[in-house]
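# Structure at a glance
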Amino acid sequence: MAVSAKDRVAARNDLAWAISVGGIGVVGFAALLLFTWYFAATLFLIFAGMLLGVALNAMTNMLGRVVSLAHYLRLTIVCLVLAGLLSGVVFLGGATIAQQATVLSGTIKSQLVGVKAFLDRHGIDTSYFELGNPGASTDSSTTATPVAPTHNLPSAGAIASSGGAIVSQTLKLLLGTVSAVGNFFIVLFLGLTFAAQPSVYRTGLLFMAPVRHRARATVIVDRLGEPLERWLIAQIITMFAIFLVTWIGLTIIGIQSSFILGIQAGLLGFIPTVGALIGGLIVVLASLASGWVAAASAFVLFLGVHALESYILTPMLQRQALEIPPATLFAFQILLGVVFGIWGLALALPLIAIVKVTIDYFKAETAADAVAA
């Protein structure tokens, strides 16, 4: 069958158009990945603010079931209650937290050095552990030949270099503190603004979608919002329960820094799977200073807290929330943690929840179209 010249030209034009569109799409996708890579910290910061806004909005809606007030009044009550709880923890336990944090830091460092020495004695290479050995200087000082002390004054260059190092370390500490405080207030500000007018930001988000896909985007956003709110509320309750049980249990065992250990266990409870393992490791290491009996008791307490979280609190509070297979979540956590650090590790679950809800929607839509056809 002969093909006319006009049809051949039209086919070539269609092929050229398809190649052009495909190339533009590939370049655009690569540019999006590059943008995400370079500005990942900022994007995670914005996403954390959005999650805080979702949590505040969920608590505001829960309060609306009890009292009939305007949205902004309920949000104000929720914020005042949370601010009061945080202020009480800071003012009543601030000195205790600071003191126990210092003791805990020294205890963890000494226990890590002890674990490294134990592994070295049994022929395990630990050179990749960048830990100091406090006994090294003592041993070397006892075996070295004593040298008569000198009383030479340091040179001006040595004084200048040491002063420059002190200033450099001080600036790094100040910049790190300012960055952490600034990030905290950015997340707080974004969360408050999102929670104050959720409908406005929802409408704006949907307006960014193309017109022909806006109906689909609306369904996906609505399907994601409700389970995400339930999950955040359940997670807050679970974190508080972990803090309380860990604090009381370690206090009964007689472990120092029980309050700060309970706080870190509760905060790490926000990170599924990995957070519980890190929290349990810190608790056991801190308990070794009180003896093997205390460490074994702390390990049993960790197993009990983990069982409480996994088999009681999570099934009860999150039965209708996000259902994600543990292996999938753990693999996604490791991937985001390696690529993006602590932000990716902490926010892996809500990110994979967005992906899961989107995939489930398109799978259901495809199945419905297949049935209709």
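To start, this report covers the structure provided alongside it.

On a plain count of helices and strands, the protein chain comes out with 13 helices and 0 strands. Reading the helices (α) and strands (β) of the protein chain from amino to carboxyl end gives α-α-α-α-α-α-α-α-α-α-α-α-α. Accessible area for the protein chain stands at about 24200 Å²; split by element, carbon and sulfur atoms hold 73% of it.

Counting residues in hydrophobic clusters, the biggest one holds 17 residues, and the most contacted among them are Leu 51, Trp 231, Leu 232, Ile 324, Leu 329, Leu 347 and Leu 349. Residue assignment for this core shows that the elements contributing at least two residues are helix 2 (40-64), helix 7 (214-253) and helix 13 (348-372). With 7 residues, the single largest contributor to this core is helix 2. When sequence neighbours within four positions are dropped, the list of residues in contact with Ile 324 reads Leu 329, Leu 349, Ile 352, Ala 353 and Lys 356.

Between its terminal C-alpha atoms helix 11 (residues 326-340) stretches 20 Å, which fits the 21 Å expected from 15 residues at 1.5 Å a residue. Turning to helix 11, its buried residues number three or more, namely Leu 329, Gln 333 and Leu 336. The arc enclosing the buried residues of helix 11, seen along the axis, measures out at 80°, which places them on a common side. Turned more than 90 degrees from where helix 11 packs its buried face, Ala 327 and Val 338 sit exposed. On its buried face, helix 11 is in contact with helix 9 (274-287), helix 12 (342-346) and helix 13.

Our next topic: the pattern of salt bridges. Using the criterion set out here, one finds 1 salt bridge in the structure. Arg 202 is paired through a salt bridge with Asp 222; the nearest N and O atoms lie 2.9 Å apart. With Arg 202 in helix 6 (residues 198-207) and Asp 222 in helix 7, the pair connects residues that are 20 residues apart, well separated along the chain. Arg 202 gets classed as partly exposed once you look at its relative accessible area, which sits at 33%.

Cut-offs used in this document
Residues numbered from 1 in each chain as written. Predicted model: local features only at pLDDT ≥ 70, side-chain atom pairs only at ≥ 80, totals over all residues. Heavy atoms only, no water. Helix = DSSP H or I, 4+ residues; strand = E, 2+ residues; numbered from the N terminus. Areas by Shrake-Rupley, 256 points an atom, 1.4 Å probe, with all protein chains shown as cover. Core = buried A, V, L, I, M, F, W, Y, C linked by side-chain atoms within 4.5 Å. Buried < 20%, exposed > 50% of the residue type's maximum accessible area, 1.4 Å probe, protein only. Contact = heavy atoms within 4.5 Å. Expected span 1.5 Å × (residues − 1). Arc of directions from axis to C-beta. Salt bridge = Lys/Arg side-chain N within 4 Å of Asp/Glu carboxyl O.

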